[in-house]
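# Report on the structure
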Amino acid sequence: MSDLETPDQEIPARKMPARKIPDVSSSIDLTTSLGSLQLQAPTATASGCAAAGRELAQFGDVRTLGAVVTKSIMKNPRSGRPTPRMAETPSGMLNSIGLQGPGIEAFLEKDLSWLTENGVTTIVSIAGNNVDEFGELANRLKDVPGIAALEVNISCPNVESRGQVFACNPFSAASVIETVRREWTSSAPILAKLSPDVTDIVEIAQSVVEAGVDGVSMINTLLGMVIDLDRMKPMLGGRTGGLSGPAIRPVAVRAVYQVHAALPQLPILGMGGIRTGHDALEFIAAGASAVSIGTVVFGDPGAPWRIADELGAELAKRGFTKLTDAIGAAHER
Ligand code: SIN
């Protein structure tokens with residue numbers, strides 16, 4: 001398959017189950033916000049782990065999630081990297097999907113329209129091969145109804161700069177955000193998705209804040225590799241892949257803590273190996289205002305709802321009545 005082809009991923013929309021209101025946490029106020037975006041629940045899906053939300057509709061009412069964060073969409077259809085694309089690792093998963101997707105026009109027609117018609121709070125993730133493509137995507141999306149926020153996935157290679165990942169350099173990260181900010185005339189917030197593969201994540205966060213983001217999503221996967229010793233070759237077709245799952249959670253919590261300490265007013269959507277409400281509360285205490293649920297969804301598609309319930313119970317156990325009171329609670333005050 002060429003890089004311009006993509007399989008038809010049409011999946012029939014299912015009727016959503018009756019609206020599900022978490023009961024365990026009913027006495028706890030779990031509402032939160034990411035800048036100007038009010039969230040009715042603290043758990044969102046993580047980009048790339050629930051496609052555009054439609055598949056999840058058979059497991060729960062997608063409208064009751066904090067948000068669906070869509071798989072990063074690029075300007076053109078793309079078939080992604082060679083197979084195999086996934087490998088299991090201890091407490092984690094390595095993936096090398098290569099931003100497979102249908103391209104912006106098909107996404108708008110098939111995916112965003114479904115999300116909008118069903119009243120789902122939608123954060124659209126975008127990725128580009130170069131700075132201009134990010135700008136074109138922001139421009140294409142700016143007047144499209146139903147986008148609650150834009151997540152700018154800067155953890156992809158800049159094909160115009162020796163494949164250097166935008167998010168690994170403060171100048172290229174800022175350059176993407178400045179361009180998106182210029183094109184994005186919508187009032188919906190812009191979040192930059194940060195990579196942990198840097199020496200100083202605070203420096204990158206500061207650079208995207210100066211460039212105009214309203215918040216950050218953190219963290220993306222860590223670059224890793226598995227060797228297949230039978231073939232004496234890297235296991236993944238793309239050789240390297242992104243490590244996700246519980247193995248990276250302490251790295252993610254550390255990154256959220258550091259960025260919140262340096263930029264306490266900056267809204268953070270935290271993610272990285274969250275499997276339970278207990279895990280989610282670590283991120284909130286470190287400084288995240290909400291969390292995205294990723295790898296666990298592959299084995300437990302109901303996890304985003306379950307974790308919201310568990311988070312309510314974890315907060316209640318500790319005497320909190322509102323989630324927002326726990327944001328950054330692990331910091332010296
Ligand atoms: C992928 O599609 O390869 C994942 C992209 C990402 O981790 O941002």
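Everything discussed here concerns the structure shown above.
Predicted, not measured: the structure shown is a model, and the values here were computed from it.

## Concerning the pairing of strand β18 (residues 290–293)
- Residue alternation in β18 divides its side chains into two sets, A290 and S292 and V291 and I293, and both sets are buried.
- In this sheet, β18 lies alongside strand β3 (residues 43–45) in parallel orientation, the contact comprising three bridges. Residue pairing for β18: T43 is matched across the bridge by V291.
- Pairing between strand β17 (residues 268–270) and β18: two bridges, direction parallel. Among the inter-strand pairings, G270 is bridged to a residue of β18, identified as V291.
- Considered for its hand, the β-α-β crossover made up of β17, helix α6 (residues 277–286) and β18 is right-handed.

## With respect to the state of the cysteines
- The tally for this structure, following the rule as stated, stands at zero disulfides.
- No disulfide involves C49; its sulfur sits 16 Å from that of C156, the nearest cysteine.
- Counting only cysteine sulfurs, C156 is the nearest neighbor of C168, a cysteine outside any disulfide, at a range of 11 Å.

## What to know about the sheet that holds strand β12 (residues 215–218)
- Taken together, eight strands build an open sheet; the order of strands is β3-β18-β17-β12-β11-β8-β7-β4 and the sheet is parallel. Of all the strands in the sheet, the pair left with one neighbour each is β3 and β4 (68–69).
- Lying on the sheet, helix α2 (residues 131–141) is in contact with β7 (122–126) and β8 (149–153); it crosses β7 at an angle near 150°.

## A look at the site of the ligand
- Taken together, the residues surrounding the ligand are K71, N95, I97, G98, L99, N153, N220 and T221.
- Contact distances for the ligand include 2.7 Å between an oxygen atom and a backbone N or O atom of G98.
- In this structure, an oxygen atom belonging to the ligand sits 3.1 Å away from a side-chain N or O atom of N220.
- Bound to the protein, the ligand loses 80% of the 260 Å² it would expose on its own.

## Some words on the pattern of salt bridges
- All told, the structure shown has 11 salt bridges when counted by the stated rule.
- For the salt bridge of K75 with E136, the shortest nitrogen-to-oxygen distance reads 2.7 Å. Of this pair, K75 sits in the loop between β4 and β5 (86–89) while E136 sits in helix α2, and the two are 61 residues apart along the sequence.
- We classify K75 as partly exposed; its relative accessible area is 32%.
- With a relative accessible area of 37%, E136 lands in the partly exposed category.

## Some details on the pairing of β5
- Because side chains alternate across β5, one face comprises the buried residues A87 and T89, and the other comprises M86 and E88, none of which is buried.
- Between the antiparallel neighbours β5 and strand β6 (residues 92–95) lie two residues, among them S91 with a positive phi of about 55°.

## Details of helix α8 (residues 303–317)
- End to end, α8 covers 20 Å across 15 residues, agreeing with the expected 21 Å (1.5 Å per residue, within 8%).
- Turning to α8, its buried residues are A303, P304, W305, I307, A308, D309, L311, G312, E314 and L315.
- Those residues of α8 that are buried lie in contact with β3, α6, β18 and α7 (296–299).
- Just beyond α8, the residue with positive phi is G319, at close to 85°.

Conventions we followed
- Residues numbered from 1 in each chain as written.
- Predicted model: local features only at pLDDT ≥ 70, side-chain atom pairs only at ≥ 80, totals over all residues.
- Heavy atoms only, no water.
- Buried < 20%, exposed > 50% of the residue type's maximum accessible area, 1.4 Å probe, protein only.
- Helix = DSSP H or I, 4+ residues; strand = E, 2+ residues; numbered from the N terminus.
- Pairing = 2+ DSSP bridges.
- Right-handed = clockwise from strand over helix to strand, strands pointing away.
- Disulfide = S-S within 2.5 Å.
- Contact = heavy atoms within 4.5 Å.
- Axes fitted to C-alpha atoms, helices over the stretch in contact; angles between N-to-C directions.
- Near = heavy atom within 4 Å.
- Polar contact = N/O pair within 3.5 Å; in protein donor to acceptor, adjacent residues only side chain to side chain.
- Areas by Shrake-Rupley, 256 points an atom, 1.4 Å probe, with all protein chains shown as cover.
- Salt bridge = Lys/Arg side-chain N within 4 Å of Asp/Glu carboxyl O.
- Expected span 1.5 Å × (residues − 1).

Coordinates in, geometry out; function isn't part of it.
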